[in-house]
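Given next are the chains, with one letter for each unit.
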Amino acid sequence: MKYRTVFDIIGPVMIGPSSSHTAGAARIGRVARTLFGQQPDYADIYFYGSFAKTYKGHGTDVAIVGGILDFDTSDKRITNSLEIAKQNGLGIDFHEEEAITDHPNTAKVVLRKGEDRIELVGISVGGGKIEITELNGFQLRLSGNHPAILVVHNDRYGVIAGVSNVLAKHEVNIGHMEVSRKEKGQEALMVIEVDQNVDQPLIKELEALANITKVTKIHD
Amino acid sequence: MFRNVAELIELAESESKTIANVMIEQEVEVTGRPRELIIKQMKNNLKVMKEAVERGISERVQSVSGLTGGDAILLQEYMKKGQFLSSETVLDAVSKAVATNEVNAAMGTICATPTAGSAGVVPGVLFGMVNKLQPTEEQMVDYLFTAGAFGFVVANNASISGAAGGCQAEVGSATGMAAAALVQLAGGTPSQSAEAMAIALKNMLGLVCDPVAGLVEVPCVKRNAIGASIAIVAADMALAGITSRIPCDEVIDAMYKIGQTMPEALRETAQGGLAATPTGRELEAKIFGMSLNKNE
């Protein structure tokens, strides 16, 4: 089942005009911001396909920047987000890309602050639902609809078992899990969608495990 | 958990529950959230819809592109003259569907049902019925859960995206959802709701997605208008005891297959249909020749 909840159908509450081009874009921006964990100094936004062709009319640009500012799809400040970004010292560059992507509504967001950098590719699949398809070069499928934990780690045996043991101990149920790596034995990523929000002590416990580089959580 | 309309109706009728109740119970089970919170969230959605309708019929909203705005008011003024041809209920619903979509196009706050481009039909039909049926808030919330239950089936078995399945997947789905929910609001049975959905969606089959300049304005706003009128007529037909020869689930499946065979030019690419008419192209050139960004 692609859609789980009635509020995917009756909802979201959002600033118009397009659930795919506006609400979906805001959600992509917000997931990037959540994963980055701080307000960036600079955002490079790449639009592909239908996003590239119609972003001005649909407010995709203001919506995605609103998301990067951590605004919800229904936040009225979205319409003034470019101005608010400027006031907050957030530099933005839009890039209209010609490349053909798998999905017509695709955006890439690169956020930077000092040495910190995150690169995320998201698609807007309709009705405001999104999927994150790439994070820092890792292929993945993350809906952004459920709380999730992202674990960057070294590709070694026992790491996945260690993480799931900690989750089991805290009685956190895994709804969906994906593991991916760039190369065997190199840097790898676990994406774990869970049923409830997780707290900081659990994150700390995961970070303390062997071969774990970074743990980030993303909430509803 | 219901996967199709047949299972939804079976669940409702075998346990003598409304479709709204089946939807709420499933939501509790799937999300683990308490019933009260789920109902509260839907009440909030209802409030957002009401505010958008009220804004659209009282304020001359204008979209950034200038393509849409002000038609909901024209309809309300026309109705006041009392010389209209269809019924007051139909015209009120149509004007409120238009109102919602005009607010949407003007970057106002709306509730997507099932999408933003098709957000007018479900609330338009509901608020068009306020004088006639005088529903309580609880009945209005139930209407939304019923619409949601049918939309849930369409989204999971076919599509609610214009880019994937044409406008039949957006305004078509919304029209079917509104027809089914209106049957419940008017006191019909769950199976009559399914018949109304089938009848309504049948009349949206093949509807292409051809937005002028790629924006959800032309022809979207007027398609929401006529979708609302179709939903009301389909609900009346079902309440009269008329059934669809093709079962609802098969109509949904047909819609999905039509969407898959639809050329890409007619699926939200602004390459065909009305978008590719001389006037459509002229408007596109005009819109993209100017800055649509208020902040620049």
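Residues numbered from 1 in each chain as written. Chains lettered and ligands numbered in written order. Predicted model: local features only at pLDDT ≥ 70, side-chain atom pairs only at ≥ 80, totals over all residues. Heavy atoms only, no water.

The name an unreviewed UniProt entry assigns to chain B is L-serine dehydratase, from the organism Halalkalibacter krulwichiae. Quoted verbatim from the Catalytic activity (unreviewed entry) heading of the UniProt record, the comment on chain B is "L-serine = pyruvate + NH4(+)". Annotation of chain B in UniProt includes, under Cofactor (unreviewed entry), the sentence "[4Fe-4S] cluster". (UniProt positions renumbered as here; feature names shortened; annotations may be inferred.)

Chain A is annotated in an unreviewed UniProt entry as L-serine deaminase of Halalkalibacter krulwichiae. What UniProt states about chain A under its Cofactor (unreviewed entry) heading is, verbatim, "[4Fe-4S] cluster". As stated in UniProt under Catalytic activity (unreviewed entry), the record for chain A gives "L-serine = pyruvate + NH4(+)".

Undergrad: Go over helix α1 (residues 5–14) of chain B, please, and point to the residues and values.
TA: All names here are of chain B. Of all the residues in α1, the buried ones are Val5, Leu8, Ile9 and Ala12. What you see down the axis of α1 is that its buried residues fit within an arc of 95°, all on one side. Buried residues belonging to α1 abut α2 (19–31), α8 (137–157), α11 (190–202) and α13 (248–261). Sitting at the head of α1, Asn4 places a side-chain oxygen 3.3 Å from the backbone nitrogen of Ala6. (Buried < 20%, exposed > 50% of the residue type's maximum accessible area, 1.4 Å probe, protein only. Helix = DSSP H or I, 4+ residues; strand = E, 2+ residues; numbered from the N terminus. Arc of directions from axis to C-beta. Contact = heavy atoms within 4.5 Å. Polar contact = N/O pair within 3.5 Å; in protein donor to acceptor, adjacent residues only side chain to side chain.)

Undergrad: Pulling in residues and values, what's your account of the layout of surface pockets?
TA: Taken as a whole, the second largest pocket encloses approximately 580 Å³ of empty space. Along the walls of the second largest pocket sit 27 residues, with Gly49(A), Ser50(A), Lys53(A), Pro104(A) and Thr269(B) positioned nearest its centre. Of all the secondary structure elements, the ones that give two or more residues to the lining of the second largest pocket are α2 (49–58) of chain A together with α14 (278–289) of chain B. In terms of residues, the lining of the second largest pocket owes the most to one element, α2(A), which gives five residues. (1 Å grid on protein atoms, 1.4 Å probe; cavity = no way out; pocket = protein on both sides within 12 Å on 5 of 7 lines; lining within 4 Å. Points joined across faces, edges and corners; volume = space filled by probe spheres on them.)

Undergrad: Could you give an account of the sheet that holds strand β4 (residues 105–113) of chain A, with specific residues and numbers?
TA: All names here are of chain A. The sheet built from six strands is open, its strands ordered β3-β2-β4-β5-β6-β7 with mixed pairing. In this open sheet, the two edge strands, each paired with only one partner strand, are β3 (91–96) and β7 (138–142). Recorded for the sheet is a direction-independent mean angle of 20° between the axes of neighbouring strands. Relative to the sheet, helix α1 (residues 19–36) contacts β4, β5 (116–126) and β6 (129–135), its axis offset from that of β5 by approximately 150°. Helix-sheet contacts for helix α3 (residues 60–68) involve β2 (42–48), β3 and β4, and the interaxial angle to β2 is about 140°. (Pairing = 2+ DSSP bridges. Axes fitted to C-alpha atoms, helices over the stretch in contact; angles between N-to-C directions.)

Undergrad: How would you sum up the sheet that holds strand β8 (residues 148–154) of chain A? Please name residues and give values.
TA: All names here are of chain A. The strand order β9-β10-β8-β11 describes an open sheet built from four strands, whose pairing is antiparallel. For this open sheet the edge positions go to β9 (174–181) and β11 (212–218), each flanked by a neighbour on one side alone. Averaged over all neighbouring strand pairs, the angle between strand axes comes to 15°, with direction disregarded. One ladder, built from seven bridges, connects β8 with strand β10 (residues 187–194); its direction is antiparallel. When the bridges of β10 are listed, Ile149 appears paired with Ile192. The sheet contacts of α1 involve β8 and β11, and relative to β11 the element is tilted by about 135°. Set on the sheet, helix α5 (residues 159–169) makes contact with β8, β9, β10 and β11; between it and β10 the angle comes to about 25°.

Undergrad: How would you explain the environment of Cys248(B) if you had to name every residue and give the values?
TA: Within the secondary structure, Cys248(B) is located in helix α13. Here Cys248(B) is in contact with Val5(B), Ala194(B), Met197(B) and Ala198(B), once residues within four sequence places are set aside.

Undergrad: Give a description of the domain arrangement of chain A that names residues and reports values.
TA: Residue and element names in this part refer to chain A. For chain A, the assigned domains are domain 1 (12–142) and domain 2 (148–218). Taking only C-alpha atoms, the centre of domain 1 and the centre of domain 2 are 25 Å apart. Listed as interface residues are eleven residues of domain 1 and, on the opposing side, 15 residues of domain 2. Together domain 1 and domain 2 conceal approximately 1000 Å² of surface at their shared face, both sides included; 73% is due to carbon and sulfur atoms. On the domain 1 side of the contact with domain 2, Leu35, Phe138 and Leu142 bury the most area, a combined 56% of that side's loss. Counting across the interface, domain 1 meets domain 2 through zero salt bridges. Applying the counting criterion to the domain 1 and domain 2 interface returns three residue pairs in polar contact (both at pLDDT 80 or more). Looking at the side of domain 1 that touches domain 2, the elements that each hand over two or more residues are α1 and β7. Examining the composition of the side of domain 1 that touches domain 2, we find that five residues originate from one element, β7, more than from any other. Taken together, the residues that form the side of domain 1 that touches domain 2 break down as six nonpolar, four polar and one charged. (Domains from an automatic or database assignment. Buried area = accessible area lost by both parts, 1.4 Å probe. Salt bridge = Lys/Arg side-chain N within 4 Å of Asp/Glu carboxyl O. Nonpolar A, V, L, I, M, F, W, Y, C, P; charged D, E, K, R; others polar.)

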